[in-house]
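Observations on the three-dimensional arrangement
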Amino acid sequence: METCLAAEGLSVVRGMNKLVKFGLHILSWNVGTASPPDDVGDLLHLAGQSQEPDMYVIGLQELNSKLSSFLVDLAFSDPWTILFTNSLAPLGYVKITSIRMQGVLLLVFVKCSHLPYIRDLETNYTRTGMFGYWGNKGGVTVRLSVYGHLICFLNCHLPAHIENTSQRLDSFERILELQQFTGSRAETILNHDLVFWFGDLNFRIADHGLHFIRETISKKCYHLLWDKDQLNRAKKTEPMLNGFLEGELQFTPTYKFNLASTEYNMSGKKRKPAWTDRILWRLKECSEAGGSEPPTSDPKKTISVILNTYNSQMQYGISDHKPVVGTFSLEVRMAGRPQANGIGMGTVQESRPSSEKCGWGQLWLDSLGGVRCKTGFESVVSWECHPLGLLFQVGFRCHTDYVTYLWVKDDELMVSDDVYQVYLNGEEIPSSGGEFLLCYYSSNMETIVGVSCPFQILPECADGQLEIGNGMDVSCDNPAHGQMDTC
């Protein structure tokens, strides 16, 4: 019988097929060059969630890309990235990558415990504005491997206006053709096991008049508009859209609103309301089989997608677009031990390191003022990847936020039973102490391949004792006796 496990707290084991549930939260918003709001908690569903997502993917369009603002954002972080990072980092999410093309931005955050299972990170972009010379329109992409399955996230801003359906489709086709990725498993966007396509796609509602559309919306009879939606029409005729799925549009069309209002803009141009902002997905194996319905829990499927919620967020009024959020549950089959550039990736079981396993986060100070650390890791590490040890404080924002580093093979003191004891210079540890993680970073793969459990470092070691934190043994050397006292 198959076992389906939540991804949180998993450790690596060998053999046996397992299914892993992985929560995904996707946000798309055309922000209309506005500054960020004070709070994005509702956008991220930070309150009232039964289970936190394992990954956040945030796609924005029309960021302020005036030259002065753009140069400042290049030299520092843009205010939107700072806001989302400040909101998610304290909850244990790490920004693993981002890409910006003028006003189009894509951010990916993941829970720290999943970092060893995120591989093959790559970004790409395609300009489609001004015949391909200008990046106000186009698409930015992040591709990555999640537990051995290649997933591509594509954030687009396509041409506007109701009469430009063919231009939108041409732009999307150009993005699909031009974006190429390394490796033979998925050289193009549609070769990936799973694709999420979202953004301000700018498709409109054809044929119906303004009065009929407004009356239909006021009565929440949205289904009467679906057949006239240009994207729904195109999915029935365009081969490149074969296999793309979307949840029912059971929410108010997201464009065009008065600022700071839930009322549609009825000024001179009298644009008809439309679902311009969308989130779609495509499973490669479902598309190749000719399927058009959302997949079920077929035991033969290696990855499946369940849409949990799909809705707009009407309370945000800084733009004439309303943001759209989709939450998903991915069921990923872990079969065997797929290899990625010399790094083994094991299957998973529902287990946590116990306090009896001293290899999971054992720390002590020695007589030379250094810090020794024994750690076990949430991944199978191959030393052929030349791992770099990075010490992070819990709540770090991205892989460049490390406190100090060490070359594992140079600073390694002892290896036994897959437990690696390494030496850190005590002068580089913050004097205030705190809660830390030790990660292995592969310099040639440019990714984190191992994460320890959190452990405490106290400001000073007095009377041979250190605080025990989070179920881990933490201890310090007693120079007078030449032995280690365990707290």
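Scroll up to find the structure this text is about.
Since the model is a prediction, treat every value here as computed from it, not as a measurement.

**Let's talk about the environment of Q61**
Mapped onto the elements, Q61 comes out in strand 4 (residues 55-61). By relative accessible area, which is 0% here, Q61 ends up buried. Other than its neighbours up to four places away in sequence, Q61 contacts S28, W29, N30, V31, G32, G103, N155, C156, H157, G199, D200 and D277. Here the side chain of Q61 touches N30 through a polar contact of 3.1 Å, landing on its backbone nitrogen.

**Section: the sheet that holds strand 12 (residues 277-283)**
If you trace the 6 strands from one edge of the open sheet to the other, you get 7-8-9-10-12-11, paired in mixed fashion. Two strands lie at the open edges of the sheet, namely strand 7 (118-129) and strand 11 (244-245), each paired on one side alone. Where strand 7 lies against strand 8 (residues 134-146), 9 bridges are found, and the strand directions are antiparallel. Bridging across to strand 8, R119 finds its partner in S145. Packing against the sheet, helix 3 (residues 165-178) makes contact with strand 7, strand 8, strand 9 (149-157), strand 10 (194-200) and strand 11, and its axis sits at approximately 135° to strand 7.

**So, the pairing of strand 4**
With 7 of its 7 residues buried, strand 4 lies for the most part within the structure. Burial along strand 4 is two-sided: the face carrying M55, V57, G59 and Q61 and the face carrying Y56, I58 and L60 are both buried. Where strand 3 (residues 18-30) meets strand 4, 7 bridges bridge the pair, whose relative direction is parallel. Residue pairing in the sheet places L27 in a bridge with I58 of strand 4.

**Things to note about helix 6 (residues 230-237)**
All of the buried residues in helix 6 are Q230, L231, N232 and A234. In the core, the buried residues of helix 6 are packed alongside helix 3, strand 10, helix 5 (223-226) and strand 12. At the N-terminal end of helix 6, a side-chain oxygen is found 3.1 Å from the backbone nitrogen of L231, two or three residues along, and the residue is D229.

**Side note on the pattern of salt bridges**
Taken as a whole and judged by the stated rule, the model has 8 salt bridges. The salt bridge involving D193 is made with R185; its shortest N-O contact spans 3.9 Å. Relative accessible area serves as the criterion here: at 21%, D193 is assigned to the partly exposed category. Taken together, the salt bridges that share partners define one network made up of D207, K228 and R233.

Analysis parameters
Residues numbered from 1 in each chain as written. Predicted model: local features only at pLDDT ≥ 70, side-chain atom pairs only at ≥ 80, totals over all residues. Heavy atoms only, no water. Helix = DSSP H or I, 4+ residues; strand = E, 2+ residues; numbered from the N terminus. Buried < 20%, exposed > 50% of the residue type's maximum accessible area, 1.4 Å probe, protein only. Contact = heavy atoms within 4.5 Å. Polar contact = N/O pair within 3.5 Å; in protein donor to acceptor, adjacent residues only side chain to side chain. Pairing = 2+ DSSP bridges. Axes fitted to C-alpha atoms, helices over the stretch in contact; angles between N-to-C directions. Salt bridge = Lys/Arg side-chain N within 4 Å of Asp/Glu carboxyl O.

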